[in-house]
Amino acid sequence: SDGTYNLWWGDKGITRADELANSKHNRQAVTFIKRQPYNLAHAYLAIAQHLPHVQLSNNHWHLSTALMDYATQGTPRDVWRAQLQRLFRDPDPLKPDKKILLSNVTLQTKQDAEDFAATAQETLSNVVLEDIRALFEMPHYASAGGVVLVGGVAYNALLVSTIARNVGPHRPVYVPCAPGD
């Protein structure tokens, strides 16, 4: 991960690889919109590392999976939303000086950890939805036909389903079969 995530505009009229390869269409098929200056993966990792009931590992997939699993068992709490919002919008939440963002979060029970994970999952979904909705409000992108999610965040099934429910039936959500970073 390079510490950011990118938003792109795609021409939904380009549906076949041979059309994309055609230089006439290639300029119009995918257009960079903007780079978001925050790292969702690092924030997610920082949150997973904060869970006392999750065995720490160098395997980032293990931590992410554990966090998603915990999130399905918990109930979001208002008390953590603001600091999690700041963490997800931070350019480098894994820096040692950023530990302060979670320093007052005390998770004494497994239920606390599950609720914290559920709050984190909900906050991640809200951050991404805010970015998507902001694009749809821009005149040039208001007619966007759907959303394509790629990168590590696209593996988050809870996020993908939340986006699908919230962008409406007229805008499908696409996740390629191998969306990894």
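Parameters and conventions
- Residues numbered from 1 in each chain as written.
- Predicted model: local features only at pLDDT ≥ 70, side-chain atom pairs only at ≥ 80, totals over all residues.
- Heavy atoms only, no water.
- Helix = DSSP H or I, 4+ residues; strand = E, 2+ residues; numbered from the N terminus.
- Buried < 20%, exposed > 50% of the residue type's maximum accessible area, 1.4 Å probe, protein only.
- Areas by Shrake-Rupley, 256 points an atom, 1.4 Å probe, with all protein chains shown as cover.
- pLDDT = per-residue confidence, 0-100.
- Contact = heavy atoms within 4.5 Å.
- Phe/Tyr/Trp six-rings, centres within 6.5 Å; stacked < 30°, edge-to-face > 60°.
- Lys NZ or Arg CZ within 6 Å of the ring centre and 35° of its normal.
- Salt bridge = Lys/Arg side-chain N within 4 Å of Asp/Glu carboxyl O.
- Polar contact = N/O pair within 3.5 Å; in protein donor to acceptor, adjacent residues only side chain to side chain.
- Core = buried A, V, L, I, M, F, W, Y, C linked by side-chain atoms within 4.5 Å.

A closer look at the overall build of the chain
From N to C terminus, the chain includes seven helices and four strands. The helix and strand sequence of the chain, counted from the amino end, reads β-α-α-β-α-α-α-α-β-α-β. Looking at the 181 residues of the chain, the share that counts as buried comes to 40%. Surface summary for the chain: the accessible area is close to 10300 Å², and the carbon and sulfur share equals 54%.

Here we look at the confidence of the model for the chain
Per-chain confidence: the chain averages 79 in pLDDT, with 80% of residues scoring 70 or above. Taken together, the stretch residues 16-20 has pLDDT below 50 and engages in six contacts with residues farther than four places along the chain or on a different chain.

Structural notes on the packing of aromatic side chains
Summed over all chains, the structure comprises one aromatic pair. Aromatic pair Trp80 and Phe116: ring centres 5.2 Å apart, planes at 90°, arrangement edge-to-face. In this pair, Trp80 is assigned in the loop between helix 4 (60-73) and helix 5 (81-88) and Phe116 in helix 6 (residues 110-137), connecting sequence segments 36 residues apart. The exposure class assigned to Trp80 is buried, which follows from its relative accessible area of 6%. Classification of Phe116 by relative accessible area gives buried; the value is 0%. Sitting over the face of the ring of Phe136, Arg171 holds its NZ or CZ atom 3.6 Å from the ring centroid.

Some remarks on the pattern of salt bridges
Under the criterion given, the structure shown has six salt bridges. Between Arg77 and Asp112 there is a salt bridge; the shortest N-O distance is 2.8 Å. Of the two residues, Arg77 sits in the loop between helix 4 and helix 5 while Asp112 sits in helix 6, which places them 35 residues apart along the sequence. Residue class for Asp112 comes out buried when judged on its relative accessible area of 14%. A salt bridge links Glu122 to Arg81, with the shortest nitrogen-to-oxygen separation between them at 2.4 Å. Here Glu122 is found in helix 6, whereas its partner Arg81 is found in helix 5, with 41 residues between them in sequence.

Re helix 3 (residues 40-50)
For helix 3, the full list of buried residues reads Leu40, Ala43, Tyr44, Leu45, Ala46, Ile47 and Ala48. Residue Asn39 occupies the N-cap position of helix 3, its side-chain oxygen lying 3.1 Å from the main-chain nitrogen of Ala41.

As for the nonpolar core
In this structure, Ile47 and Phe116 are the most contacted members of the largest nonpolar core, which totals 46 residues. Elements with a contribution of two residues or more to this core: strand 1 (5-10), helix 3, helix 4, helix 5, helix 6 and helix 7 (157-167). When residues in this core are grouped by element, the largest group, eleven residues, is from helix 6. Contact partners of Phe116, with chain neighbours within four places excluded, come to Ile47, His50, Leu51, Trp80, Leu84, Leu102, Val105 and Leu107.

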